[in-house]
Amino acid sequence: MKVWMWPKSSPLNRYNDLLSDSLGEAGIEVMDLEHGRLMLKIGRVKPGDTVHIHWIHHAYQHSNPLLFVVKSLILILTMLYLRLRNIGLVWTIHNLYPHQMKYGRLERWMRSLICHFCTGLIVASESIKRKAVKEFGVPPDKLHVVKHGHYLDVYKPQGICLRKEYGIDEKADVFLFMGAIKAYKGVEDLIQAFNAIKTKETHLLIAGKADEEQERYLRQMEDADNIVLRLGFVPNEEVADLVRAADVLVLPYKEITTSGSAILGLSFQKLVVMPDNEFVNEYFREGMVVTYDPAKPGGLDNALMTARSVKYGQRTSRYEEALRELDWSVVAQKTKRVYRARAV
C-alpha cells in the first residue's frame, strides 16, 4: 500500500515524522506531497493509492474572497479527480476550524465539502468526532478516532541545566509555557494569573516564537519579576531540557481541540494545567492534569495554586497506562485500517 502524505515531514512538528515512520514500520510506503505541492504532484498518484492530508486550509485559504473561492474550486476539482481515479482521500481533522480565518461561512462550506469528498476522516478523540458530525454533517461511520501518539524518547536531553542558567533554585516552583506565542494561546492571561499568585520561589518560563503583537507585549510588560523569556523558535534539541526544568506545563489556550503540547507534557510525566475540555478526559488520568474554567474569574490563578500543591502531594503512577494507549504502533495500525476502510 502506498500513501501520499501532505506533509510527510515538518520542521515545526515531529508529529508528521513520527506518524510516517510508524506507518513505514507497519508496511506502508509513505511518499511526501509537501506543503504547497498537492496539485503539482497529484499526477504521480496511482489508482489504489491513498492521499492523506493534515492541515488542508493551506490549499484553499486566501485573504481575498475572490481568490479564496478560486483556490477552493481548484481544490474541489483536485479532490474530484482523485475520487474518479479510485484514489483514497483521508483528512485528519486536527482542528474543526483553522486558528486564523477571515470568512467563517466560506470556511464551513469548504470544510463540509472536503468531508464529503474524503473516503475517510481521522479525529483524535470521541469529543472531536461528535463536534465534526454536528458541524459538518458527517456520517459517524466515516469518522475514525485515532489518538495522537506520544513523544516518549523523541526529544533527547542535552544536559543543559536551565535552572542554573537563569539562577532558579532547584526547590523553586517553575511553570513553563512552550510553543508558538499567539493571542489565542492565552499567554497574557497566564502572565496576569502568575503575577497574582507568585512568590519569591515561583518562576514562569515562556519559550517560543512570538508573533509581532505578542512579542511587543512581552517586551513591554511592566511586572516581569521571576518571568524568564526565551523568545524564538525552540529547536528540537532544546525541548527536553526545557520541559525537564519545569514542574508544571501550562497551556492556557483560548481554543483547543487536540493539544500536542499537552501530550508532550504527558510524555515527560509533567503535571499539566489547561482549560477544562472533553479532550482532557480521554487522554489524562486523575492527578496528571489540573483543569479550570476560563470563563470563571480567577480560574487560572486557582489552577496554578492547585498545581503547586499537587507538586508536593501524592502524584499518580498511571502515566505508563495512559501512554500505552498513545503508542505509535497502535496509531499506525488504526490509521492503516482507515486507509483500507474507504468509507463513502
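For the structure, check the block above.
Residues numbered from 1 in each chain as written. Predicted model: local features only at pLDDT ≥ 70, side-chain atom pairs only at ≥ 80, totals over all residues. Heavy atoms only, no water.

S.K.: Explain the packing of helix α3 (residues 65-84) against helix α4 (residues 104-117) to me, please; I cannot follow it from the model alone.
M.R.: Close contact between α3 and α4 brings their axes to 10 Å; oriented N to C, the two are set at 5 degrees. One finds that α3 runs roughly parallel with respect to α4. Taking contact as the criterion, the partners of Phe-68, Val-69, Ser-72, Leu-75, Ile-76, Met-79, Leu-80 and Arg-83 in α3 are, on α4, Leu-106, Glu-107, Trp-109, Met-110, Leu-113, Ile-114, His-116 and Phe-117. Looking at side-chain class alone, the contact of α3 with α4 contains twelve nonpolar, two polar and two charged residues. (Axes fitted to C-alpha atoms, helices over the stretch in contact; angles between N-to-C directions. Helix = DSSP H or I, 4+ residues; strand = E, 2+ residues; numbered from the N terminus. Parallel < 35°, antiparallel > 145°, perpendicular 65-115°, else oblique. Contact = heavy atoms within 4.5 Å. Nonpolar A, V, L, I, M, F, W, Y, C, P; charged D, E, K, R; others polar.)

S.K.: Is there a simple way to think about the nonpolar core in this case?
M.R.: The tendency in soluble globular proteins is for nonpolar side chains to be buried side by side. Of all hydrophobic cores here, the largest spans 116 residues; its most connected members are Val-51, Val-273, Phe-284 and Leu-304. With six residues, the single largest contributor to this core is helix α7 (residues 187-197). (Core = buried A, V, L, I, M, F, W, Y, C linked by side-chain atoms within 4.5 Å. Buried < 20%, exposed > 50% of the residue type's maximum accessible area, 1.4 Å probe, protein only.)

S.K.: What's the story with the sheet that holds strand β3 (residues 50-53) in this structure? I'm lost.
M.R.: By way of backbone hydrogen bonds, the strands of a sheet pair with one another, either parallel or antiparallel. Reading across from one edge, β2-β1-β3-β4-β5-β6 is the order of the six strands in this open sheet, with parallel pairing throughout. Of all strands in the sheet, those bounded by a partner on one side alone are β2 (29-32) and β6 (143-145). Neighbour-to-neighbour, the strand axes of this sheet turn through a mean angle of 25 degrees, independent of strand direction. Sheet topology note: the strand β4 (residues 88-92)/strand β5 (residues 120-123) ladder contains three bridges and is parallel. If you follow Val-90 over to β5, its bridge partner there is Gly-120. Against the sheet, helix α5 (residues 126-136) makes contact with β5 and β6, and its axis sits at roughly 165 degrees relative to β6, the strand it touches most. (Pairing = 2+ DSSP bridges.)

S.K.: Would you explain the side chain of His-52 in this entry?
M.R.: By the secondary structure assignment, His-52 is in strand β3. For His-52, a relative accessible area of 0% translates into the label buried. Polar contacts involving the side chain of His-52 include one to the side chain of Tyr-339, which spans 2.6 Å. In this structure His-52 touches Val-3, Trp-4, Met-5, Trp-6, Leu-19, Val-90, Thr-92, Ile-122, Thr-335 and Tyr-339, once residues within four positions along its chain are discounted. (Polar contact = N/O pair within 3.5 Å; in protein donor to acceptor, adjacent residues only side chain to side chain.)

S.K.: How do you make sense of the packing of helix α1 (residues 14-25) against helix α14 (residues 328-341) when you look at a structure like this?
M.R.: Any two packed helices are characterised by how steeply their axes cross, that is the angle between the axes, and by the distance between the axes. Relative orientation of the contacting elements α1 and α14 amounts to 75 degrees, with a least axis distance of 9 Å. For the element pair α1 / α14, the angle class is roughly perpendicular. When α1 is examined against α14, the residues Tyr-15, Leu-18, Leu-19, Ser-22 and Leu-23 are found in contact with a partner set consisting of Trp-328, Val-331, Ala-332, Thr-335 and Tyr-339. The residue inventory of the contact of α1 with α14, partitioned by class, reads eight nonpolar, two polar and no charged.

S.K.: For this particular structure, what's the right way to read the pattern of salt bridges?
M.R.: Should their charged atoms come close, side chains of opposite charge can pair. Throughout the structure, instances matching the rule amount to 14 salt bridges. Residues Glu-325 and Lys-147 are paired through a salt bridge, measuring 2.9 Å at the closest nitrogen-oxygen approach. In this pair, Glu-325 is assigned in the loop between α13 (319-324) and α14 and Lys-147 in the loop between β6 and α6 (162-165), connecting sequence segments 178 residues apart. Measuring nitrogen to oxygen at the nearest pair gives 2.9 Å for the salt bridge that ties Lys-198 to Asp-223. Of the two residues, Lys-198 sits in the loop between α7 and β8 (202-208) while Asp-223 sits in the loop between α8 (212-220) and β9 (227-231), which places them 25 residues apart along the sequence. Classification of Asp-223 by relative accessible area gives partly exposed; the value is 32%. Taken together, the shared-partner salt bridges in this structure form one network comprising Lys-147, Arg-285, Arg-318, Glu-321 and Glu-325. (Salt bridge = Lys/Arg side-chain N within 4 Å of Asp/Glu carboxyl O.)

S.K.: Hey, could you run me through the sheet that holds strand β7 (residues 173-178) in this one?
M.R.: Read from one edge to the other, the open sheet built from six strands follows the order β9-β8-β7-β10-β11-β12, with strand pairing classed as parallel. Two strands close off the open sheet at either side, each with one partner strand: β9 and β12 (289-292). Ignoring which end each strand starts from, the neighbouring axes of this sheet average 20 degrees apart. Pairing between strand β10 (residues 248-250) and strand β11 (residues 271-275): three bridges, direction parallel.

S.K.: It is not clear to me how the packing of aromatic side chains should be interpreted in this structure. Could you clarify?
M.R.: Aromatic ring pairs are defined here through the distance separating the ring centres and the angle between the ring planes. One pass over the full model with this rule turns up nine aromatic pairs. When the centroid spacing of 6.4 Å and the interplanar angle of 75 degrees are considered together, the rings of Phe-175 and Phe-194 count as edge-to-face. Residue Phe-175 is located in strand β7, and its partner Phe-194 is located in helix α7; the two are separated by 19 residues in the primary sequence. By relative accessible area, which is 0% here, Phe-194 ends up buried. Aromatic rings pair up to connect Tyr-15, Trp-55 and Trp-328 into one cluster. A cation sits over an aromatic face here: Lys-147 above Tyr-283, 5.0 Å from the ring centre. (Phe/Tyr/Trp six-rings, centres within 6.5 Å; stacked < 30°, edge-to-face > 60°. Lys NZ or Arg CZ within 6 Å of the ring centre and 35° of its normal.)

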